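Here is how the chains run, residue by residue.
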Amino acid sequence: MSDLRELYQQVILDHNKNPRNFHAMPDASRTVDGYNPLCGDHYTIFLRLDGETIREVSFTGSGCAISKASASVMSSTVKGKSKEEAGQLFDTFHRLVTGDASGLSAAELGRLAAFSGVSEFPARVKCATLAWHTLRSALEGTEEKVSTE
Ligand code: ZN
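Note that the coordinates shown come from a computational prediction; the quantities given were computed from them, not determined experimentally. (Residues numbered from 1 in each chain as written. Predicted model: local features only at pLDDT ≥ 70, side-chain atom pairs only at ≥ 80, totals over all residues. Heavy atoms only, no water.)

1. Regarding the environment of S70
(1) Moving on: Here S70 is to be found in helix α2 (residues 65-78).
(2) Moving on: Taking the relative accessible area as the measure of exposure, S70 reaches 1% and is therefore buried.
(3) Moving on: In the structure, S70 is positioned 39 residues away from L109 in sequence and 13 Å away in space, judged by C-alpha atoms.
(4) Moving on: Ignoring any residue separated from it by four or fewer positions in sequence, one finds S70 in contact with F93, F115, A128 and W132. (Helix = DSSP H or I, 4+ residues; strand = E, 2+ residues; numbered from the N terminus. Buried < 20%, exposed > 50% of the residue type's maximum accessible area, 1.4 Å probe, protein only. Contact = heavy atoms within 4.5 Å.)

In structure tokens form, the structure reads like this:
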């Protein structure tokens, strides 16, 4: 298990150091700010939608390694997915980081599995889910600012 844990840590460190889709999107369909006051994580998520499909996702901002890596993995995971699929991925991810991964298959988890260790640190769950909460708001188009508090 420790080898796997090390691998997961590598994934998080890599995405923190070299975040994917880390740029502003001037022609985004939707732009939403997300803030986690407990940790100071603060990101802006940009979405370009094509009907029900997420064509592009990008983000800017700063925060701890978990929050940044999660935003990076989220952006590359939901790109090309439908709104509904993105919602299901968020549910899966949320279950994983809150320690309710029973019944989730490795195939469903994919690279999200790197965040399984977060469930042992309840204070970091908000760091890991911030980008996803912000994405959901952007998809719903209801809020311009999200706070985990
Ligand atoms: Zn954080």
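Still to come is the rest of the account.
2. Section: the packing of aromatic side chains
(1) Moving on: Across all of its chains, the model carries five aromatic pairs by this definition.
(2) Moving on: Ring geometry for Y43 versus F59: centroids 5.9 Å apart, planes at 65°, classification edge-to-face. One end of the pair, Y43, is in strand β2 (residues 41-50); the other, F59, is in strand β3 (residues 53-62), and 16 residues separate them in sequence.
(3) Moving on: Taken together, a centroid distance of 5.3 Å and an interplanar angle of 25° make the contact between F93 and W132 stacked. Residue F93 is found in helix α3 (residues 83-97), and its partner W132 is found in helix α5 (residues 125-140); the two are separated by 39 residues along the sequence. Just as F93 is buried, W132 falls in that class too.
(4) Moving on: By the ring-pair criterion, three or more aromatic residues cluster together here, those being F90, F93, F115 and W132. (Phe/Tyr/Trp six-rings, centres within 6.5 Å; stacked < 30°, edge-to-face > 60°.)

3. Digging into the pattern of salt bridges
(1) Moving on: This structure, assessed with the given rule, holds seven salt bridges.
(2) Moving on: Of the charged contacts in the structure, one is a salt bridge between R20 and D14, with a shortest N-O distance of 2.8 Å.
(3) Moving on: Judged by relative accessible area, which is 30%, R20 ranks as partly exposed.
(4) Moving on: One salt bridge in this structure joins R95 and D100, with 3.5 Å as the shortest N-O distance.
(5) Moving on: Judged by its relative accessible area of 37%, D100 falls in the partly exposed class. (Salt bridge = Lys/Arg side-chain N within 4 Å of Asp/Glu carboxyl O.)

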